[in-house]
Amino acid sequence: MNDEEKQDDKELDEALKNAIKEAEEAENSRILYEAKMRFLGRMGIVMNFMKRMKDIPPEKRPSFGKQINALRDKLEAEFAAREERLKKREMQKKIETEKIDVTMPGKRTAKGALHPVTLVKNQLVDIFAGMGFEIFEGPEIETDYYNFTALNTPADHPARDMQDTFYISDNLLLRTQTSAAQIRAMEKKKPPIKMLSPGRVFRSDDDATHSPMFHQMEGLVVDRGITMCDLKGMLDEFARTMFSGNSKTRLRPSYFPFTEPSVEVDVSCSACGGKGCSLCKGTGWIEVLGAGIVNRRVLENCGIDADEYSGFAFGMGVERIAMLKYGINNIKLLTENDTRFLGQFKEEN
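Please read all numbers here as calculations on a predicted model, not as lab measurements.

*Asks:* Sorry, what's going on with the pattern of salt bridges here?
*Replies:* Here the idea is simple: oppositely charged side chains can pair when their charged atoms come close. Counted by the stated rule, this structure contains 14 salt bridges. Across the pair Arg30 and Glu34 runs a salt bridge whose closest N-O atoms are separated by 3.1 Å. Linking Arg30 with Glu34, this pair stays in helix H2 (residues 29–40), spanning 4 residues, or about one helical turn. On the basis of relative accessible area, Arg30 is assigned to the exposed category, the value being 53%. The exposure class of Glu34 is partly exposed, given its relative accessible area of 37%.

*Asks:* Can you help me understand the nonpolar core in this one?
*Replies:* One recurring pattern in soluble globular proteins is that nonpolar side chains are buried together. Counting 45 residues, the largest nonpolar core has Leu124, Phe128, Met234, Phe238, Leu289, Phe314 and Met316 as its most contacted members. Looking at this core, the elements that each hand over two or more residues are helix H5 (116–129), strand E5 (213–223), helix H8 (228–242), strand E7 (259–268), strand E8 (285–294), strand E9 (310–317), helix H10 (318–326) and helix H11 (339–342).

*Asks:* What's the story with the packing of H5 against H10 in this structure? I'm lost.
*Replies:* Two quantities define a packed helix pair, namely the angle between the helix axes and the distance between the axes. Running from amino to carboxyl end, H5 crosses H10 at an angle of 100°, the nearest separation of the two axes being 9 Å. Taken as axis vectors, H5 and H10 run roughly perpendicular relative to one another. In contact with Pro116, Val117, Leu119, Val120, Lys121, Gln123 and Leu124 of H5, H10 contributes Val318, Glu319, Ile321, Ala322, Lys325 and Tyr326. Counted by class, the contact of H5 with H10 contains 9 nonpolar, 1 polar and 3 charged residues.

*Asks:* Mind showing me how you'd approach the confidence of the model for the protein chain here?
*Replies:* A low pLDDT means the predicted coordinates there should not be read in detail. Within the protein chain, residue pLDDT values average 85, and 94% of them lie at 70 or more. Considering each helix and strand of the protein chain separately, the mean pLDDT is smallest for helix H1 (residues 3–25), with a value of 72, and largest for E9, with 95.

*Asks:* Can you walk me through the packing of aromatic side chains in this structure?
*Replies:* The geometry of an aromatic ring pair is captured by two quantities: the separation of the ring centres and the angle between the planes. On inspection of all chains with the given rule, the structure shows 9 aromatic pairs. Judged by centre distance (5.8 Å) and plane angle (20°), the ring pair of Phe128 and Phe238 falls under stacked. Pair noted here: Phe128 is in helix H5 and Phe238 is in helix H8, with a separation of 110 residues, a long-range link. Both residues of the pair, Phe128 and Phe238, count as buried. Seen in terms of ring centroids, Phe256 and Phe258 are 6.1 Å apart; in terms of plane orientation they differ by 15°. Their pairing is stacked. Each member of the pair Phe256 and Phe258 is classed as buried. An aromatic cluster is present here, built from Phe128, Phe133, Phe238, Phe243 and Phe314 joined pairwise through their rings. Seen from the ring of Tyr146, Arg184 lies directly overhead, with NZ or CZ sitting 4.0 Å from the centre.

*Asks:* Looking at this model, I keep getting lost on the pairing of E5. Mind explaining?
*Replies:* Consecutive side chains along a regular strand alternate between the two faces of the sheet. Burial within E5 is extensive, with 8 of its 11 residues counted as buried. The pairing of strand E4 (residues 193–202) with E5 spans 10 bridges and is antiparallel. Its bridge partner lying in E5, Gly199 is registered against Gln216. As defined by bridge partners, E5 adjoins E9 across 8 bridges and the pair is classed as antiparallel. Bridging from a neighbouring strand, Met217 pairs with Met316 of E9.

*Asks:* What should I look at first to understand a nonpolar patch on the surface in this one?
*Replies:* Taken together, Ile141, Ile168 and Leu172 make up a surface patch of nonpolar side chains, about 260 Å² in accessible area. Assignment of secondary structure puts Ile168 in the loop between helix H6 (144–147) and strand E3 (172–174). Classification of Ile168 by relative accessible area gives partly exposed; the value is 48%.

About the thresholds
Residues numbered from 1 in each chain as written. Predicted model: local features only at pLDDT ≥ 70, side-chain atom pairs only at ≥ 80, totals over all residues. Heavy atoms only, no water. Salt bridge = Lys/Arg side-chain N within 4 Å of Asp/Glu carboxyl O. Helix = DSSP H or I, 4+ residues; strand = E, 2+ residues; numbered from the N terminus. Buried < 20%, exposed > 50% of the residue type's maximum accessible area, 1.4 Å probe, protein only. Core = buried A, V, L, I, M, F, W, Y, C linked by side-chain atoms within 4.5 Å. Axes fitted to C-alpha atoms, helices over the stretch in contact; angles between N-to-C directions. Parallel < 35°, antiparallel > 145°, perpendicular 65-115°, else oblique. Contact = heavy atoms within 4.5 Å. Nonpolar A, V, L, I, M, F, W, Y, C, P; charged D, E, K, R; others polar. pLDDT = per-residue confidence, 0-100. Phe/Tyr/Trp six-rings, centres within 6.5 Å; stacked < 30°, edge-to-face > 60°. Lys NZ or Arg CZ within 6 Å of the ring centre and 35° of its normal. Pairing = 2+ DSSP bridges. Patch = residues over 30% accessible without salt bridge, like charges linked within 9 Å, V, L, I, M, F, W, Y side chains within 5 Å. Areas by Shrake-Rupley, 256 points an atom, 1.4 Å probe, with all protein chains shown as cover.

Pasting the structure below:
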C-alpha cells in the first residue's frame, strides 16, 4: 500500500469517526439532520470522496469505490439509529409536557350573543309574520327605476334631495330604501299582498344617530278596502309587542313621494310612560317610523288598478328601534364590534 492509499484510508476513517461523534452529540432532530447533510448530502463529504474517483488509477478504483460505499452504509446506519433514538426521546418529552390531568376542572368557554340589530330584526320578523306578512328580500344594488322612479320619484323630483345616494353608474346605485323590493313584489304578485322587506340600505350620512350603511324593514299591504285605520291598528299591535303592553302610537302628517296621505309615527316613551323625560325630550313621544297610504301612481306603475285596490306601507330603521329598545345613545356602538358592549345582550338570546 503506497502513501496515497494510506492517506485515503486515514481520511475515510476520520470521516467515519467524525460522523459518529456528531450523530451521538446531536441533541435534537434538526441538528442531526444538518450533520447528516454534511456527510451524506449532495455536497457532503462522501460525495466529495466520490468525485476523487477520476483522479485514481483505473485498477484501484473498484477497491476505493467499495471503501466509499462501505463508509456510506455505515454512516446511514449510524444516523438512522441515532434518529430513531432521538424520535423516541422527543416523543416521550412531548407526552410528558402535553399530558392532561383529567381530574382538573375544565375551562369554561364564553357564550356568545346575538348582535342587538339581529335581535331586533328577528323580533320584528316574528311580530309581522304573526300578522300574516311574507318576507321578500330585494337586491342591494338597484336600478334608478326601482329605487326612485317607480316609487313616484322621477329624475327632477325634489324628494331625491332627501337621500344622498351612492351611485355606481347613471342607472345603478346602492339602494337607499328597501321600498324598491315592494315594487318588485307588486310586479310579480297581484293583490292581496302582505309583505315585509328587511335588508341593508346605504345613504351618504354619518353622525351619532346616522350611518352610511344601516338596516331597514318596510312593510306593504295591498287589498280591497285598506284604510288608515288598518295601518293604525297594525302599528298599535307592533308597539305593544316590541316595547311594552302599555305603548300607544300617534300619527302626524308628513310627506313621502310614494304614500298619500303620509304620516310620521310616534310611540309613547317606554322609559317614562309618556310623562316626559330626557329620552323623549320631555314630550312623552318618540318618533319610530314613517308610513302612509300607497300613492295611486305607485300602484299604477305596478299594473294594479288603484280604483279597485288600496294599500298602506311603512318603513323603519332597525338600528333606530334597537337604540330605543335598549337605550343605546350612539349608533357607532352597533358597528364597532366591541365584545364588552355586545356581551350585555346575552340575556336577550
